[in-house]
Amino acid sequence: MSTAANDRRPRIGVLALQGAVREHVAAIRDVGAEPVEVRLPRDLVDLDALVLPGGESTTMRKLIDEYGLREPILSLARTGTPLLGTCAGMILLADRIADGDEPYFALLDIEVRRNGYGRQLDSFEADLSAPALGEAPLHGVFIRAPLVTVVGSRAEVLAADPDGRPVAVRQGRVLATAFHPELTGDRRLHRLLVELIGERAGRPA
Ligand code: GLN
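Residues numbered from 1 in each chain as written. Predicted model: local features only at pLDDT ≥ 70, side-chain atom pairs only at ≥ 80, totals over all residues. Heavy atoms only, no water.

With that settled, consider the sheet that holds strand 6 (residues 108–113). With mixed pairing, three strands are arranged side by side in an open sheet as 5-6-9. The two strands at the open ends of the sheet, each matched to only one other strand, are strand 5 (94–97) and strand 9 (147–151). Strand-to-strand twist in this sheet, taken as the mean axis angle between neighbours without regard to direction, amounts to 35°. Relative to strand 6, strand 5 is paired through three bridges, and the arrangement is parallel. Residue pairing in the sheet places Ile 97 in a bridge with Val 112 of strand 6. (Pairing = 2+ DSSP bridges. Helix = DSSP H or I, 4+ residues; strand = E, 2+ residues; numbered from the N terminus. Axes fitted to C-alpha atoms, helices over the stretch in contact; angles between N-to-C directions.)

Have a look at this one:
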């Protein structure tokens, strides 16, 4: 068939300082891309996309600063490299954080509240409606998830929880989910990331 077998597979980085790295690496393989674990600025060279995984956003901020990764990640974003932030990763991408923290990357026109689903609901699973990703509901695994309290006009909702609250959003080539898409077998979000790479390169990935 016509897809050139010798076309380079897209290289998708996973920030690997802390948190849910391994499952993203597996998901990236599943969608036919090459995973790259990112710990140092040099690991960001030649990446086609980057995943900011779940974990603990305060710890992650500190480590990103310590390893000198903040500026190079921002410059990837500025040049249009697709990003996917999940859970803590969504918090790092948000323009606004309710109750306190300063925003970190501020690349996504949303406000989030850390652990906003509350203590009783520390962790839960729910079927999410995700019309932008196809008819089948998306199964969401939420672990001390951020609550999206505001979606600004530059961002678009990709999926909502059973109460209609936004749980996946997109602004251009920046994607974020309050849940952990890497923990289920549904690869639609990782596939969308690969599609955004192709869109950027002006060809189907
Ligand atoms: N509650 C965490 C935070 O505020 C995020 C949890 C997660 O990524 N699973 O950083």
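On to unusual backbone geometry, then. Positive phi, normally seen in glycine, also occurs at Asn 115, with a value near 55°. Turning to its location among the elements, Asn 115 is positioned in the loop between strand 6 and strand 7 (123–128).

Right, let's get into helix 2 (residues 57–66). Along an α-helix, a turn takes 3.6 residues, which lines up residues three or four apart on a common side. Looking only at helix 2, the buried set comprises Ser 57, Met 60, Arg 61, Leu 63 and Ile 64. Looking at the buried residues of helix 2, the elements they touch are strand 1 (11–15), helix 3 (70–78), helix 4 (88–93) and strand 5. Just beyond helix 2, the residue with positive phi is Gly 68, at close to 70°. (Buried < 20%, exposed > 50% of the residue type's maximum accessible area, 1.4 Å probe, protein only. Contact = heavy atoms within 4.5 Å.)

Okay, the nonpolar core next. A general feature of soluble globular proteins is that nonpolar side chains tend to end up buried together. One finds Ile 12, Leu 50, Phe 105, Ile 110 and Phe 142 to be the most contacted residues of the largest nonpolar core, which totals 68 residues. Examining the composition of this core, we find that six residues originate from one element, helix 5 (residues 188–201), more than from any other. Ignoring sequence-local partners within four residues, the contact set of Ile 110 consists of Met 90, Ala 94, Asp 95, Arg 96, Val 148, Val 150, Val 151, Gly 152, Ala 155 and Val 169. (Core = buried A, V, L, I, M, F, W, Y, C linked by side-chain atoms within 4.5 Å.)

Taken together, the four bridges between strand 10 (residues 156–160) and strand 11 (residues 166–171) define a ladder with antiparallel strand orientation. Counterpart to Val 157 in the pairing with strand 11 is Val 169. In this antiparallel pair of consecutive strands, strand 10 and strand 11, the connection spans five residues, and Gly 164 shows a positive phi of 85°.

Looking now at the packing of aromatic side chains. A complete count under the given rule lists five aromatic pairs for this structure. Members of the aromatic cluster, connected to one another through ring pairs, are Tyr 117, Phe 124, Phe 142 and Phe 179. Arg 70 extends its terminal NZ or CZ atom over the ring of Tyr 104, reaching a point 5.1 Å from the ring centre. (Phe/Tyr/Trp six-rings, centres within 6.5 Å; stacked < 30°, edge-to-face > 60°. Lys NZ or Arg CZ within 6 Å of the ring centre and 35° of its normal.)

Spatial strand order, 2-1-3-4-12-11-10: seven strands in an open sheet with mixed pairing. The open sheet has two edge strands, strand 2 (34–38) and strand 10, and neither has a second partner. Recorded for the sheet is a direction-independent mean angle of 20° between the axes of neighbouring strands. For strand 11 and strand 12 (residues 174–177), the ladder comprises four bridges, and the chain directions are antiparallel. Pairing of Ala 168 across the sheet is with Thr 177, part of strand 12. Sitting on the sheet, helix 5 is in contact with strand 1, strand 3 (49–52), strand 4 (83–86), strand 10, strand 11 and strand 12, with an inclination near 175° to strand 12.

Function cannot be read off these values alone, since they describe shape.
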